[in-house]
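Summary of the model geometry
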Amino acid sequence: MRSTWWEVLFWVWIGSEVYIALATRTRHTVGKVQDRGTQLLLWVVIVAAMTACGWIDATMGKTMFGGAHWLKTAAVVLLAAGLAIRWTAIVSLGKAFSANVAIRETQTLKDTGLYRWVRHPSYSGLLLIFLAAGVHSRNWLGLAVAMVPTTAALLYRIHVEETALQGAFGELYRSYSSRTKRLIPGVY
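Residues numbered from 1 in each chain as written. Predicted model: local features only at pLDDT ≥ 70, side-chain atom pairs only at ≥ 80, totals over all residues. Heavy atoms only, no water.

A look at the pattern of salt bridges
Inspection of every chain in the model, using the stated rule, returns eight salt bridges. The partner of Asp 111 in a salt bridge is Arg 179, and the shortest N-O contact between them spans 3.2 Å. Of this pair, Asp 111 sits in the loop between strand S2 (102-104) and helix H4 (121-137) while Arg 179 sits in helix H6 (residues 171-179), and the two are 68 residues apart along the sequence. Since its relative accessible area comes to 33%, Asp 111 is described here as partly exposed. (Salt bridge = Lys/Arg side-chain N within 4 Å of Asp/Glu carboxyl O. Helix = DSSP H or I, 4+ residues; strand = E, 2+ residues; numbered from the N terminus. Buried < 20%, exposed > 50% of the residue type's maximum accessible area, 1.4 Å probe, protein only.)

Notes on the layout of surface pockets
What the largest pocket holds in volume is close to 550 Å³. Lining the largest pocket are 29 residues; nearest its centre among them are Trp 13, Ile 14, Glu 17, Ile 46 and Met 50. Counting only elements with at least two residues in the lining of the largest pocket, the list comes to helix H1 (2-23), helix H2 (38-59) and H4. It is H2 that contributes the most residues to the lining of the largest pocket, 10 residues altogether. (1 Å grid on protein atoms, 1.4 Å probe; cavity = no way out; pocket = protein on both sides within 12 Å on 5 of 7 lines; lining within 4 Å. Points joined across faces, edges and corners; volume = space filled by probe spheres on them.)

So, helix H5 (residues 140-169)
It helps to recall that an α-helix has 3.6 residues per turn; residues three or four apart then point in one direction. Taking 1.5 Å as the rise per residue, H5 with 30 residues should run 44 Å; its terminal C-alpha atoms sit 41 Å apart, in good agreement. Where H5 begins, the side chain of Asn 139 points an oxygen toward the backbone nitrogen of Leu 141, at a separation of 2.8 Å. Where H5 terminates, the next one or two residues include Gly 170, which has phi positive at roughly 55 degrees. (Expected span 1.5 Å × (residues − 1). Polar contact = N/O pair within 3.5 Å; in protein donor to acceptor, adjacent residues only side chain to side chain.)

Notes on the packing of H2 against H5
In contact at an axis separation of 8 Å, H2 and H5 are set at 170 degrees when each is read in the N-to-C sense. Taken together, the axis directions place H2 and H5 in an arrangement best described as roughly antiparallel. Residues Thr 38, Gln 39, Leu 41, Leu 42, Val 45, Ile 46, Ala 49, Met 50, Ala 52, Cys 53 and Ile 56 of H2 form the contact with H5, whose participating residues are Leu 141, Gly 142, Val 145, Ala 146, Pro 149, Thr 150, Ala 153, Leu 154, Tyr 156, Arg 157 and Val 160. In the contact of H2 with H5, the residues fall into 17 nonpolar, four polar and one charged. (Axes fitted to C-alpha atoms, helices over the stretch in contact; angles between N-to-C directions. Parallel < 35°, antiparallel > 145°, perpendicular 65-115°, else oblique. Contact = heavy atoms within 4.5 Å. Nonpolar A, V, L, I, M, F, W, Y, C, P; charged D, E, K, R; others polar.)

Things to note about empty space enclosed by the protein
Rolling a probe over the atoms, with the probe sized like a water molecule, indicates the empty space that remains. For the coordinates displayed, the defined rule picks out one cavity of 30 Å³ or more. Of the pockets and cavities examined, the largest cavity occupies roughly 350 Å³. Lining the largest cavity are 25 residues, with Leu 93, Ala 96, Gln 107, Glu 161 and Leu 165 positioned closest to its centre. Of all the secondary-structure elements, those providing two or more residues to the lining of the largest cavity are S2, H4, H5 and H6. Here the lining of the largest cavity gets five residues from one element, more than from any other, and that element is H5. Its residues placed into classes, the lining of the largest cavity shows 15 nonpolar, six polar and four charged.

Quick word on a nonpolar patch on the surface
Taken together, the side chains of Val 18, Leu 22, Trp 43 and Val 47 present a nonpolar region at the surface, about 370 Å² in accessible area. Elements supplying a minimum of two residues to the nonpolar patch: H1 and H2. (Patch = residues over 30% accessible without salt bridge, like charges linked within 9 Å, V, L, I, M, F, W, Y side chains within 5 Å. Areas by Shrake-Rupley, 256 points an atom, 1.4 Å probe, with all protein chains shown as cover.)

Comments concerning the environment of Val 18
Locating Val 18 in the fold gives a position in helix H1. For Val 18, a relative accessible area of 37% corresponds to the partly exposed category. Taking the C-alpha atoms as reference points, Val 18 and Arg 157, 139 residues apart in sequence, are found 18 Å from one another.

Details of the packing of aromatic side chains
A complete count under the given rule lists seven aromatic pairs for this structure. For the ring pair Phe 10 and Trp 11, a centre distance of 6.1 Å and an interplane angle of 90 degrees mean the geometry is edge-to-face. Under the relative-accessibility criterion, Phe 10 is labelled buried at 17%. Centroid distance Phe 65 to Trp 140: 5.5 Å. Interplanar angle 65 degrees. Geometry classified as edge-to-face. Placement of Phe 65 in the loop between H2 and helix H3 (70-93) and of Trp 140 in helix H5 is noted, with a sequence separation of 75 residues between them. Ring pairing ties together the aromatic residues Trp 6, Phe 10, Trp 11, Trp 13 and Phe 130, which thus form one cluster. Over the ring of Trp 117 we find Arg 116, and its NZ or CZ is 4.3 Å from the ring centre. (Phe/Tyr/Trp six-rings, centres within 6.5 Å; stacked < 30°, edge-to-face > 60°. Lys NZ or Arg CZ within 6 Å of the ring centre and 35° of its normal.)

Right, here's the structure in full:
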């Protein structure tokens, strides 16, 4: 049953990311695009990392906690939590959300809901999804492959996004940044 839930949720995530990339991409005619190639970078890194993690899962031994089966349950819970956080963040931003880094003329700064606690909750959700994939592999190398390159790519994306947001909102964004963390409430 865990495997079925994992497969369903994992493919729902893949499908949702394709939809998000196609449906929410801001064009130059609608907003000021400042992506600097981060959307393509994220796709390349995520596809490569998830493919490599899947290969490790299928071909290498289970080194994490002796391959404990409870890790599969934990992975499903992490995946579901990551999806819930990511989708909630995206839906709450509405038309202000964009798959690429872009600022629309009518955009306002969101600091309620999940955005009250972290500046980038959709990325927090993604990080939980990557963690879930690594835990699901039950292999320490699989965990590292799922987390390290994707986290590095997301941190670069956050840098680009925060530069754009500071340019658009100035002191308002700096003030918001001083009272909220980037990804993990109260930590980072």
